[in-house]
Amino acid sequence: MKIFSLLLAVAVAWSVYLYAQEKGETVMPVAEEAPKAMTKEEAAKLTDEEWRKRLTPEQYAILRKAGTERSWGKVYKEFKAQGGGTYYCAGCNAELFSSKEKFDSQCGWPSFYDPSKAKNVKTREDRSAFMVRTEVLCARCDGHLGHVFTGERFPAFNGEQTPTGQRYCINGTVLKFVPFAKEDGEAEKTEKKESKTKESDPAK
Ligand SMILES: [Zn+2]
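About the thresholds
Residues numbered from 1 in each chain as written. Predicted model: local features only at pLDDT ≥ 70, side-chain atom pairs only at ≥ 80, totals over all residues. Pairing = 2+ DSSP bridges. Helix = DSSP H or I, 4+ residues; strand = E, 2+ residues; numbered from the N terminus. Axes fitted to C-alpha atoms, helices over the stretch in contact; angles between N-to-C directions. Core = buried A, V, L, I, M, F, W, Y, C linked by C-beta atoms within 7 Å. Buried ≥ 20, exposed ≤ 12 C-beta atoms within 10 Å, placed from the backbone. Contact = placed C-beta atoms within 7 Å.

Caption draft 1: Structural context of the sheet that holds strand β1 (residues 85-89). Overall, antiparallel pairing links the three strands, which are arranged β2-β1-β8 in an open sheet. Two strands bound the open sheet, and with one partner strand each, they are β2 (95-98) and β8 (175-179). In this sheet, neighbouring strand axes are inclined to one another by 30° on average, regardless of whether the strands run parallel or antiparallel. Pairing between β1 and β8: five bridges, direction antiparallel. Of the residues in β8, the one forming a bridge with Gly85 is Pro179.

Structure (structure tokens):
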């Protein structure tokens, strides 16, 4: 009977833990306009304590301590559901990626085949976890973003490599999303409607 109670207590504690994880997970911030970016100098001046205050615990663990978010988590579900837009660094607001290079890699983390602003993204060799990988960092604030892998093939590209041969595997927790301006989409729709009207005119 004692063992049963103990097992029950463990099961309850585990479900509470999982629930808290899901609840506490950072949701990717969404803004209407491009956030104001820090300069490289401003970012370099920030102390570890200041970074800790500016960021959520999850963002801090990833950006400043090279952590990794849980795959297939809440932030990934949000990322997958997002339409066109630009992705900024949650640390310094530098532009990093765009939905134009976003693709479904089926790996559980946001994937891009190229940065949208190459000068804002840098890489370095990472020999942690008994592997040799290429770490991806924000060139502006030195924040850890994820890793980049090469030479892989994906169903999204009919079993071929991405156009660059690369997959930037990025933690969604450290990205800020700004959807492309609404007016662009609206203008496109209006144009299409107009051309349809013109096409149908001769038939009258
Ligand atoms: Zn940054």
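Caption draft 2: Main features of the nonpolar core. Counting 32 residues, the largest nonpolar core has Cys89, Leu96, Val136, Cys138, Ile170 and Val174 as its most contacted members. Elements represented by at least two residues in this core include exactly α4 (57-63), α5 (74-81), β1, β2, β5 (133-138), β6 (144-150) and β7 (166-170). Beyond its immediate chain neighbours, meaning those up to four positions away, Cys138 contacts Cys89, Gly91, Cys92, Ala94, Leu96, Asn120, Val121, Gly143 and Leu145.

Caption draft 3: Geometry of the pairing of β1. For β1, a buried count of four out of five residues is recorded, marking the element as mostly surrounded by other parts of the structure. Of the strand pairs in this sheet, β1 and β2 are connected by three bridges, and their pairing is antiparallel. Residue pairing across strands places Thr86 opposite Ser98, the latter belonging to β2. Taking the residues that link successive antiparallel strands as the turn, the β1-β2 hairpin has five residues, and the phi of Asn93 there is positive, at about 70°.

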